[in-house]
Number of protein chains: 2
Amino acid sequence: MGLLPETLERLVSQLNKLPGIGTRSAERIALYLLHCNSNDVKQLAELMLAARERVRHCSICGALTETDPCLICSDDRRDSSIICVVEKPTDIINIEKTGVFKGKYHVLGGKISPLSGIEPEDLRIVELEKRINQENIKEVVLALAADVEGDATSFYIAKRLAQYGVKISRIAHGIPAGGGLEYADQVTLSKALEGRREIDK
Amino acid sequence: MGLLPETLERLVSQLNKLPGIGTRSAERIALYLLHCNSNDVKQLAELMLAARERVRHCSICGALTETDPCLICSDDRRDSSIICVVEKPTDIINIEKTGVFKGKYHVLGGKISPLSGIEPEDLRIVELEKRINQENIKEVVLALAADVEGDATSFYIAKRLAQYGVKISRIAHGIPAGGGLEYADQVTLSKALEGRREIDK
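Residues numbered from 1 in each chain as written. Chains lettered and ligands numbered in written order. Predicted model: local features only at pLDDT ≥ 70, side-chain atom pairs only at ≥ 80, totals over all residues. Heavy atoms only, no water.

## Observations regarding the interface of chain B and chain A
Step number 1: On the side of chain A, 50 residues touch chain B, which itself brings 50 residues to the contact.
Step number 2: Among the residues of chain B in contact with chain A, B:T7, B:M48 and B:R52 are the three that bury the most area, contributing 14% of the side total.
Step number 3: The interface formed by chain B and chain A holds 2 salt bridges in total.
Step number 4: The partner of A:K17 in a salt bridge is B:D40, with the nearest N and O atoms 3.4 Å apart.
Step number 5: The interface formed by chain B and chain A includes 16 residue pairs in polar contact (both at pLDDT 80 or more). (Contact = heavy atoms within 4.5 Å. Buried area = accessible area lost by both parts, 1.4 Å probe. Salt bridge = Lys/Arg side-chain N within 4 Å of Asp/Glu carboxyl O. Polar contact = N/O pair within 3.5 Å; in protein donor to acceptor, adjacent residues only side chain to side chain.)

The following block contains the structure:
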């Protein structure tokens, strides 16, 4: 005999599978679901299923979307001559929040990582090349992580795209805004020094 | 225009309502739900609804159960002359895990807490009195929290039950197992001293 009613026990073990949810959190959430507003539970259950059904990857850029092409790809006001390459669909959201970038996006779907078995052909690089051939793209901005794999992937893509004659840039790495030098690690600081820019006088 | 597809945005905001789930965790879980095994999502959604439908409070003790009376209340092998009073249904689980208590339970549904507007009549004390009148109960063990409200509630119940001539006890408060004196706070240590027991020689 389990200590919790069986349905509750099974609910806890399903919640436990979610990322970042341990047994204690799962129990807490399960008990909350028993007592909260019943409309909330119904909505949550329906949205979980609806999201899976409706949310797709954009066939052009790979972003998460309910319409295909996605809202950004089909927005004529955005500059289609500059394309920002990101690792994951959610990276787009973070860049969009800055409001600075007005071009289009391309989601790679990961970083080259031989240790995890992720090779260049597992990423959406061929799709990127196709877009460079078909669309009138002048600049590709690589916005991958500032880690070893992000570096390797950026250099690999830069080399591979060299033949197309488009400008290839990479977002700057350096001291984060608001950060004093005493909090920056040595790698960040050395990248910040390398990436120094002359001040206009 | 939201940055996430609308269904996903709504899923995140529903997940965000769960206890202990902030915006970042909600986003992470929502994205996981988009890509994980589709059976898992379906099961989770169904269990959330099924749990609400099937899991009830036992009409005798107030524990969470799918059968009424609950498995403990309807278990003849358990000692029905001793009843353990707890605050929440989940407290029963913690006590059951010890395997030490073989009596029955009674869930109060809270602690007296005038500041939060919880008065004695909001708790299942009348139901406890009824059980004392009807069942052949010899001892009531109060297993409430060792905080101010738990203390107040224990004393209130002890006073109110005095008229029924049953033995009323309270679980011991003291140094937790494995804890050195240096880690015990002063209140715990003074309760441990007050509650000292003679060693049988």
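## Side note on the relation of the copies chain B and chain A
Step number 1: The two copies are related by a screw motion: chain B maps onto chain A through a turn of 179 degrees and a shift of 0.0 Å along the axis, at an RMSD of 0.1 Å. In the structure described here, the two chain copies are related by an operation that fits a two-fold rotation axis. Relative to the rotation axis, the closest C-alpha in chain B is found at B:A45, a distance of 2.2 Å.
Step number 2: Looking at the interface residues of chain B, 100% of them are also at the interface in chain A, so both copies use one shared face. (Least-squares fit on C-alpha atoms with pLDDT ≥ 70 in both.)

## Quick word on the packing of helix 1 (residues 6–15) of chain B against helix 2 (residues 23–35) of chain B
Residues and elements named next belong to chain B.
Step number 1: Where helix 1 contacts helix 2, the axes come no closer than 8 Å and their chain directions differ by 125 degrees. Between helix 1 and helix 2, the crossing angle belongs to the class labelled oblique. Handedness of the crossing formed by helix 1 with helix 2: right-handed. Along the contact surface, helix 1 presents L8, L11, V12 and L15, while helix 2 presents T23, A26, E27, I29, A30, L31, L33 and L34. (Axes fitted to C-alpha atoms, helices over the stretch in contact; angles between N-to-C directions. Helix = DSSP H or I, 4+ residues; strand = E, 2+ residues; numbered from the N terminus. Parallel < 35°, antiparallel > 145°, perpendicular 65-115°, else oblique. Left-handed = near helix turned anticlockwise from the far one by under 90°.)

## Some points on the packing of aromatic side chains
Step number 1: Per the counting criterion, the structure on display carries 2 aromatic pairs over all chains.
Step number 2: Taking the centre distance of 5.3 Å and the plane angle of 55 degrees together, the rings of A:F101 and A:Y105 count as tilted. Here the two residues A:F101 and A:Y105 agree in accessibility, since each one is buried.
Step number 3: Lying over the aromatic face of B:F155, B:R170 brings its terminal NZ or CZ to 6.0 Å of the ring centre. (Phe/Tyr/Trp six-rings, centres within 6.5 Å; stacked < 30°, edge-to-face > 60°. Buried < 20%, exposed > 50% of the residue type's maximum accessible area, 1.4 Å probe, protein only. Lys NZ or Arg CZ within 6 Å of the ring centre and 35° of its normal.)

## Some points on the sheet that holds strand 4 (residues 104–107) of chain B
Residue and element names in this part refer to chain B.
Step number 1: Ordered by their spatial adjacency, 4 strands build an open sheet running 4-3-5-6, and the pairing between neighbours is parallel. Each edge of the open sheet is held by one strand with a lone partner, namely strand 4 and strand 6 (167–170). Strand after strand, the sheet turns through a mean of 25 degrees between neighbouring axes, direction not considered.
Step number 2: Pairing of strand 3 (residues 82–86) with strand 4 involves 4 bridges; the strand directions are parallel. Following the sheet pairing, C84 is matched in strand 4 by Y105.
Step number 3: Strands in contact with helix 4 (residues 89–98) are strand 3 and strand 4; relative to strand 4, the strand with the most contacts, it is inclined by about 150 degrees. (Pairing = 2+ DSSP bridges.)

## Considerations on the nonpolar core
Step number 1: Among the nonpolar cores identified, the biggest contains 44 residues, and A:L11 and B:L11 are the most heavily contacted of them.
Step number 2: The set of elements that each furnish at least two residues to this core consists of helix 1 (6–15), helix 2 (23–35) and helix 3 (38–54) of chain A together with helix 1, helix 2 and helix 3 (38–54) of chain B.
Step number 3: Leaving out residues up to four positions away in the same chain, B:L11 has contacts with A:L44, A:L47, A:M48, A:A51, B:A30 and B:L33. (Core = buried A, V, L, I, M, F, W, Y, C linked by side-chain atoms within 4.5 Å.)

## Digging into the pattern of salt bridges
Any two side chains of opposite charge can pair if their charged atoms end up close together.
Residue and element names in this part refer to chain A.
Step number 1: What the rule picks out here adds up to 25 salt bridges over all chains.
Step number 2: The partner of E129 in a salt bridge is R160, with the nearest N and O atoms 3.1 Å apart. Here E129, found in helix 5 (residues 125–134), pairs with R160, found in helix 6 (residues 148–161); they are 31 residues apart in sequence, far enough to count as distant.
Step number 3: Residue E129 is classed as buried on the basis of its relative accessible area, which comes to 11%.
Step number 4: For R160, a relative accessible area of 22% puts it in the partly exposed group.
Step number 5: When salt bridges that share partners are traced, they join E87, K111, D147 and E149 into one network.

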